[in-house]
Amino acid sequence: MAKSEDSVTSTIITKIEAIRNANPDNLMARHFDADYFRNLDDQNQKRLLAVIATGIENSDSQMGAYAMQNDDYELFAPMLDPMIRDYHGISEDKPIKQAHDWQPDGSTSDLTTIDAGLEEGSMRVRVARNVSGFPLAGAMSRSQRVELENLLINAFKTLINEPGFGGKYLSLTPDNPYEIGAVEYNQRVSDHQMFKDMSVDRYLSVAGISSDWPWGRGMYISEDEGFLVWVGEEDQLRIMAMQRGGDLAGLFERLEIGIHRLEAMLPPFAHSPKYGYLTSCPTNLGAGMRASLHVPLPKLTNGGSDMERVKRAAREFSLAVRGAGGEHSDAGGDGLVDISPSARLGVTEAQIMQSLFNGTAALWALEKQA
Ligand code: ADP
Ligand code: MG
């Protein structure tokens, strides 16, 4: 018995070491410490394996890990902290810690002061939240997913009756009273409102995050379609504001108001002073926030055909670039891309807003020169 377990352990270690050589950007493989793993007891080895399975099965992963339980971060800190520092750019001599501050510092954040043309750009800011008392998405059972959706539906019923919110809930759960059909679902996905079919995402499925699809999944959308809440995607809740016009501060304020309203009706969100809001993916810890702008960069993307050049340029300004269809999509023919500050942990909400503004100004200037 002991012998066969040892050989399982050594097979895993060999596999991860091979990934490290072939995919040096896979942060799980980069920071995997074989001795640390060997010294965990059986139960914790199993738990850690569930966390890193996605990075083992998908060697091209960027992070390569999803937490399954809120306390995975504390429990496996010797393995996860170095990955977290690496992704969020927190050096060894600084503590990992999260402060929250939504108050803008007074500098301008109106994108139209960079260029009037940016008024047409679509802005989106979302936060990831998980409620305490449930496992994270990868470890939830079908009944827990449905139970959580029902809890949220109750909160949405209240929101729907409030001025400034209104709107409706759309469920993907079979036979849910708010269930929508395939035609409406597909339309909402192409309108960038609803999330994509998660069951075809190999990173999420290995982690169990897309299990039981589409049970417990849905979305609240406000009357004016500017405030949205995803239920049951990579995190239990993704709360977001979307609008055009360049007013980043107004966008953030909308989100902040909506989060507070929801928070008052739900069990406490999982949070720690060190990691901030606890999320499935370590990239989202901290503020849990991704603030993005859809902006056309036809020259920097060479007519939408070359994402590598624009990604390199954007990295200088600590921005990540995605295609306009979201993560793992390509730029459109017009060079429309999604740019967002990469760091979410160790930076405040207001700093993320300012980084998006500054990064947009810098990339826009490069595009004009190109
Ligand atoms: P996230 O992980 O932050 O939720 P994704 O990359 O998974 O973001 O994208 C989710 C959806 O949001 C996609 O439909 C994407 O096109 C859309 N989206 C992202 N940023 C913007 C934006 N600034 N304007 C409009 N839609 C956006
Ligand atoms: Mg996503």
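Computed from a prediction, not measured in an experiment: that's the story for all the values here.

Calculation notes
Residues numbered from 1 in each chain as written. Chains lettered and ligands numbered in written order. Predicted model: local features only at pLDDT ≥ 70, side-chain atom pairs only at ≥ 80, totals over all residues. Heavy atoms only, no water. Near = heavy atom within 4 Å. Polar contact = N/O pair within 3.5 Å; in protein donor to acceptor, adjacent residues only side chain to side chain. Areas by Shrake-Rupley, 256 points an atom, 1.4 Å probe, with all protein chains shown as cover. Helix = DSSP H or I, 4+ residues; strand = E, 2+ residues; numbered from the N terminus. Domains from an automatic or database assignment. Core = buried A, V, L, I, M, F, W, Y, C linked by side-chain atoms within 4.5 Å. Buried < 20%, exposed > 50% of the residue type's maximum accessible area, 1.4 Å probe, protein only. Contact = heavy atoms within 4.5 Å. Pairing = 2+ DSSP bridges. Axes fitted to C-alpha atoms, helices over the stretch in contact; angles between N-to-C directions. Salt bridge = Lys/Arg side-chain N within 4 Å of Asp/Glu carboxyl O. Buried area = accessible area lost by both parts, 1.4 Å probe. Nonpolar A, V, L, I, M, F, W, Y, C, P; charged D, E, K, R; others polar.

A.B. asks: I tried to follow the site of ligand 1 on my own but got confused; where do I start?
C.D. replies: Neighbouring residues of ligand 1: 18 residues in total, closest Ser122, Arg126, His192, Arg290 and Arg322. The separation between an oxygen atom of ligand 1 and a polar side-chain atom of Arg238 is 3.4 Å. Arg322 places a side-chain nitrogen or oxygen 2.6 Å from an oxygen atom of ligand 1. Protein chains shield 93% of the accessible area of ligand 1, which is 560 Å² for the free molecule. Listing elements by their share of the shell around ligand 1, those giving two or more residues are strand S1 (122–129), strand S5 (237–244) and strand S8 (289–296). Of the domains in this structure, domain 2 (121–286) and domain 3 (291–370) are the two that each give at least three residues to the shell around ligand 1.

A.B. asks: I'm lost on the nonpolar core in this one. Help?
C.D. replies: Within soluble globular proteins, side chains that are nonpolar generally end up buried alongside one another. Leu48, Ile52, Met79 and Leu80 are the most contacted members of the largest nonpolar core, which totals 57 residues. Among the elements that line this core, the one with the most residues is helix H6 (residues 77–88), at six residues. Residue-level mapping places this core at the junction of two domains, with at least three residues from each of domain 1 (7–88) and domain 2 (121–286). Every residue in contact with Ile52, bar those within four places of it in the chain, is listed here: Ile16, Met28, Phe32, Gly64, Ala65 and Met79. Judged by nonpolar contacts, the second largest core, of 55 residues, contains Phe134, Leu237, Ile259 and Leu319.

A.B. asks: Sorry, what's going on with the sheet that holds strand S3 (residues 218–221) here?
C.D. replies: Paired through backbone hydrogen bonds, the strands of a sheet run either parallel or antiparallel to each other. Spatially, the eight strands line up as an open sheet ordered S2-S3-S4-S5-S1-S8-S10-S9, and their pairing is antiparallel. On the outer flanks of this sheet lie strand S2 (168–171) and strand S9 (319–323), each paired with one strand and no other. Averaged over all pairs of adjacent strands, the angle between their axes in this sheet comes to 20°, without regard to strand direction. Two elements, S1 and S8, share six bridges in a ladder whose sense is antiparallel.

A.B. asks: Would you mind showing me how to read unusual backbone geometry here?
C.D. replies: Trans is the common state for peptide bonds, and a negative phi is the common state for residues other than glycine. The residue after Trp213, namely Pro214, is reached through a cis peptide bond having omega 0°. The residue Pro214 is located in the loop between helix H9 (202–206) and S3 in this model. Positive phi, close to 65°, is recorded for Glu225, a residue that is not glycine. Inspection of the secondary structure puts Glu225 in the loop between S3 and strand S4 (227–231). One non-glycine residue, His328, adopts positive backbone phi at about 65°. Considering the arrangement of structural elements, one finds His328 in the loop between S9 and strand S10 (336–341).

A.B. asks: Teacher, can you tell me more about the pattern of salt bridges here?
C.D. replies: Pairs can form between side chains of opposite charge whenever their charged atoms are close. As enumerated under the stated definition, the model contains 19 salt bridges in all. Among the ionic pairs, Asp86 bridges to Arg30, the shortest N-O distance being 2.7 Å. Here Asp86 is found in helix H6, whereas its partner Arg30 is found in helix H2 (residues 27–31), with 56 residues between them in sequence. The exposure class of Asp86 is partly exposed, given its relative accessible area of 31%. The salt bridge involving Arg290 is made with Asp338; its shortest N-O contact spans 2.9 Å. With Arg290 in strand S8 and Asp338 in strand S10, the pair connects residues that are 48 residues apart, well separated along the chain. Exposure remark for Asp338: the relative accessible area of 3% places this residue in the buried category.

A.B. asks: Please clarify how the domain arrangement of the protein should be interpreted in this entry.
C.D. replies: Often the size quoted for an interface is simply the accessible area lost on bringing the parts together. Domain annotation for the protein reports domain 1 (7–88), domain 2 (121–286) and domain 3 (291–370). The straight-line distance from the C-alpha centre of domain 1 to that of domain 2 is 27 Å. Taken together, the 20 residues of domain 1 in the interface contact 23 residues of domain 2. In this assembly, domain 1 packs against domain 2 so that about 2000 Å² is buried in total across both faces, 60% of it on carbon and sulfur atoms. For domain 1, the biggest contributors to the area lost against domain 2 are Tyr66, Asn70 and Tyr73; these three give 36% of the whole. Inspection of the domain 1/domain 2 interface yields two salt bridges. Across the pair Arg202 and Asp60 runs a salt bridge, and its minimum N-O distance is 2.8 Å. Among the elements that take part in the side of domain 1 that touches domain 2, H6 stands out by supplying five residues, more than any other. Grouping the amino acids of the side of domain 1 that touches domain 2 by side-chain chemistry returns 10 nonpolar, six polar and four charged.

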